[in-house]
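# Descriptive analysis of the structure
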Amino acid sequence: MKNFETFPDATGHYGTYGGRFVPETLMAALGELDAAYERYRADPDFVAELELLLADYCGRPTPLYRADRFAAAVGVDRLYLKREDLTHTGAHKINNTMGQVLLATRMGKKRIIAETGAGQHGVATATAAALFGLECDVYMGVKDMERQRMNVFRMELLGTRVLPVTSGSKTLKDATNEAIRDWVTNVETTHYIIGSVVGPHPYPLIVRDFQRVIGVETRRQVMEREGRLPEVLVACVGGGSNAIGMFHPLLGDEGVEMIGVEAAGEGIASGHHSAPLAVGRPGVLHGCFSYLLQDDDGQVREAHSVSAGLDYPGVGPEHSWLKDSGRVRYISVTDDEALAAFHLLARREGIIPALESAHALAGVAKLADELRGKLVVVNLSGRGDKDVAAVAARGGEESES
Amino acid sequence: MDKKRIAAAFAGAREAGRAAFIVYITAGDPSLATTAKLIPALAGAGADIIELGVPFSDPLADGPVIQAASQRALAGGTTLDGILGMVGRVRPQVDVPLVLMTYCNPLLRRGYADFAERAAGAGVDGVIVPDLPLEECGPLQRELDRGGIDLVQLIAPTTPAARQAELCRVSRGFAYYVTVAGITGTRDALPAGLADNLDRLRAVSPVPVAAGFGISTAEQAEVVGRHADGVIVGSALVRRIAAAADETEVVARAAAFVRELRGTAGRVGAL
């Protein structure tokens, strides 16, 4: 088995994926960020301050919960949920924003910008910026602002300006374009907090490292509870930060199978989906080389998912590499399958999951025959309060299937 | 085919005691047929080099004016292949150097080797790729070298001095100095320190240095032309093209604007 700890290489590549495909204006800033991160990741004061924040402010470690009733309903035997939904602000995104805001303050930056899709990364960024007294602007597509109104209001309550993006598909991809344009213009004063393991090096590395806490805790907690390692890890993949955070610390454990679940939207065949690992081709978007939804002329195609957080045509470069290497298997589930899992978890466990996380749950249901008898852990990456209105608009409660 | 049209254009301007005047238009805005008429008209009006923007769905180095132009061109069905075909048809009519400004992904999709071969066959003289920095440009550079096409490097105000010198050394045809940290588009004022930055860059550069981003008026072109080997105007021209009612007006307005700015650049000695 390959040594997965050695990636990315010094130039930010995971095999052929990753790299730095950005305007020259940003190259110096990426170099500075790289140097600052290398310095502070090894700085005991930085590490201690971040650990304290994650514990006292964010509520880590998050619990590992055995969801027997959901497991029985979908037909698997032993299923745990890693409860990232119970962190402060309600999703794993806070792990990354705490780390990056702390890094930004060490670098002397006074202003923070971010892009957001579902609004969870935006809220997590706004929260960290409020805590550290930094000015914060978040770019959000107007289509996402509409379907995630509550998160827009949360960001505003936290003192962040939410800047509407009207270009292109008016979703996460376009919000990311605008955030990069802002960063190019204000790079001297501003730190850009990317919300997933995408973008130019060193972002996929930094975000992964700040999210690794999920997998480190999972490994320890499963050992404590079961006296052995998990057999299967399941997580949803948009950009892929919650998945890489859970998978990465266990990549070297050969017996641990890993499954990433992409959004098949209205079905892969319909063309309306967000599954670049399933049917995309490698290309460059937002600064990295990775699997991408694109047409024959290299134009980026619009993604589709009921989940705003998965509605993205690209994916993190490390996932592309893990797919090609065969270490992680990637499947996809449709909007309807995710919604069914959303309702099932709410009814059976009293937990309303984020629509993003519902894709991981639906992945378990889909592969139930094969997962039966195995020790499975699902990353419940976020809570679903933000999605209640959108689900209601689609017809509210559904029958359990 | 004269493989060194770009070098000749800079040499010609230099001999005339002025900066080269470089214009940018988005290919296919509003149609490739119009672009084919614009190229000889702009050359006739005094453009020394013409940059043709290849429209891309996610132009993250561009401001609203060129974003909108890209959207119009894509909506009209413009593709990289279509642009190369148009260049091939226009090339016999004009001597003006044609430089494609394109994001990386359309080239990757086509394949660098295939792209370089087709571009060389069509008569493309240079390529500028704003999202392909030095560290990632090796594979494209090799293919373009084979086709005798110049890969122009961009240099930013945020680029450290040693890297600026390295970029100038690697750049073919000319080096493109981005006047401001930011995206394309017009600005009210030129950034402070621009003249000094350009003077320093030209002192170390083996190739001509052209300056672009944010230059939109005759006055700005004149000031920049005193300190650069070339002055690049993009968004200001694209905006005039967008405001015109029909193809005849597009060509007339664009040529008139180039004549106006070129007159200024022509009055000013670059050296």
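For the structure given in this document, a descriptive report is provided here.

Definitions and limits used
- Residues numbered from 1 in each chain as written.
- Chains lettered and ligands numbered in written order.
- Predicted model: local features only at pLDDT ≥ 70, side-chain atom pairs only at ≥ 80, totals over all residues.
- Heavy atoms only, no water.
- Axes fitted to C-alpha atoms, helices over the stretch in contact; angles between N-to-C directions.
- Helix = DSSP H or I, 4+ residues; strand = E, 2+ residues; numbered from the N terminus.
- Parallel < 35°, antiparallel > 145°, perpendicular 65-115°, else oblique.
- Contact = heavy atoms within 4.5 Å.
- Nonpolar A, V, L, I, M, F, W, Y, C, P; charged D, E, K, R; others polar.
- Phe/Tyr/Trp six-rings, centres within 6.5 Å; stacked < 30°, edge-to-face > 60°.
- Lys NZ or Arg CZ within 6 Å of the ring centre and 35° of its normal.
- Buried area = accessible area lost by both parts, 1.4 Å probe.
- Salt bridge = Lys/Arg side-chain N within 4 Å of Asp/Glu carboxyl O.
- Polar contact = N/O pair within 3.5 Å; in protein donor to acceptor, adjacent residues only side chain to side chain.
- Buried < 20%, exposed > 50% of the residue type's maximum accessible area, 1.4 Å probe, protein only.
- Expected span 1.5 Å × (residues − 1).
- Arc of directions from axis to C-beta.

### Regarding the packing of helix H5 (residues 120–132) of chain A against helix H7 (residues 149–157) of chain A
All names here are of chain A. The N-to-C vectors of H5 and H7 enclose an angle of 10 degrees; their axes lie 9 Å apart at closest approach. Comparing the axis directions of H5 and H7 gives the class roughly parallel. Every residue of H7 that contacts H5 at Gln120, Gly122, Val123 and Ala126 is listed here: Asn151, Arg154 and Met155. Broken down by class, the residue content of the contact of H5 with H7 amounts to three nonpolar, three polar and one charged.

### What to know about the packing of aromatic side chains
Considering all chains together, one arrives at eleven aromatic pairs over all chains under this definition. With a centroid separation of 5.9 Å and an interplanar angle of 80 degrees, the aromatic rings of Tyr37 of chain A and Phe210 of chain A are classed as edge-to-face. Linking Tyr37 of chain A in helix H1 (residues 24–40) with Phe210 of chain A in helix H9 (residues 203–226), this pair joins segments that are 173 residues apart in sequence. Lying over the aromatic face of Phe257 of chain B, Arg240 of chain B brings its terminal NZ or CZ to 3.8 Å of the ring centre.

### Quick look at the interface of chain A and chain B
Counting residues at the interface gives 36 residues for chain A, matched by 34 residues for chain B. For the pair chain A and chain B, the summed buried area comes to about 2,700 Å², and 52% of that belongs to carbon and sulfur atoms. The partner of Arg163 of chain B in a salt bridge is Glu24 of chain A, and the shortest N-O contact between them spans 2.8 Å. Counting every contact that joins chain A to chain B gives 15 residue pairs in polar contact (both at pLDDT 80 or more). Those elements that provide at least two residues to the side of chain A that touches chain B are H1, helix H8 (172–185), strand E11 (281–285) and strand E12 (288–292) of chain A. Considering each element in turn, the side of chain A that touches chain B owes the most residues, eight residues, to H8 of chain A. Grouping the amino acids of the side of chain A that touches chain B by side-chain chemistry returns 14 nonpolar, eleven polar and eleven charged.

### Section: the pattern of salt bridges
Residues and elements named next belong to chain A. Scanning the entire structure with this criterion turns up 52 salt bridges over all chains. Residue Asp137 is joined to Arg111 by a salt bridge in which the shortest nitrogen-to-oxygen separation is 2.9 Å. Highlighted residues: Asp137 in strand E6 (residues 135–141) and Arg111 in strand E5 (residues 111–116), separated in sequence by 26 residues. Each member of the pair, Asp137 as well as Arg111, is classed as buried. Because the salt bridges share partners, they merge into one network encompassing Glu38, Arg41, Arg208, Asp209 and Glu318.

### Comments concerning helix H3 (residues 64–75) of chain B
In an α-helix, one turn spans 3.6 residues; hence positions three or four apart end up facing the same way. The first and last C-alpha atoms of H3 of chain B sit 16 Å apart over twelve residues, in line with the 16 Å expected at 1.5 Å per residue. When H3 of chain B is considered as a whole, its buried residues turn out to be Ile66, Gln67, Ala69, Ser70 and Ala73 of chain B. Projection of H3 of chain B onto a plane perpendicular to its axis shows the buried side chains occupying an angular sector of 165 degrees, all on one side. Counted as exposed and oriented over 90 degrees from the buried face of H3 of chain B: Pro64 and Ala75 of chain B. Contact partners of the buried residues in H3 of chain B: H8 of chain A together with strand E1 (20–26) and helix H11 (235–243) of chain B. Taken from the residues just after H3 of chain B, Gly77 of chain B is the one with a positive phi, measuring 85 degrees.

### Quick word on the environment of Phe56 of chain B
Mapping Phe56 of chain B onto the fold places it in the loop between strand E2 (49–53) and H3. Here Phe56 of chain B is in contact with Val284, Gly298, Gln299 and Val300 of chain A together with Ser70, Leu74, Tyr103, Asn105 and Pro106 of chain B, once residues within four sequence places are set aside.

### Examining helix H2 (residues 44–57) of chain A
All names here are of chain A. Taking 1.5 Å of rise per residue, the 14 residues of H2 would be expected to cover 20 Å, and the 19 Å separating its terminal C-alpha atoms lies within 8% of that figure. Among all positions in H2, only Phe46, Leu50, Leu53 and Leu54 are buried. Relative to the axis of H2, the buried residues are bounded by an arc of 95 degrees and lie together on one face. Seen from the open side of H2, the exposed residues pointing more than 90 degrees away from its buried face are Pro44, Asp45, Glu51, Leu52 and Asp56.

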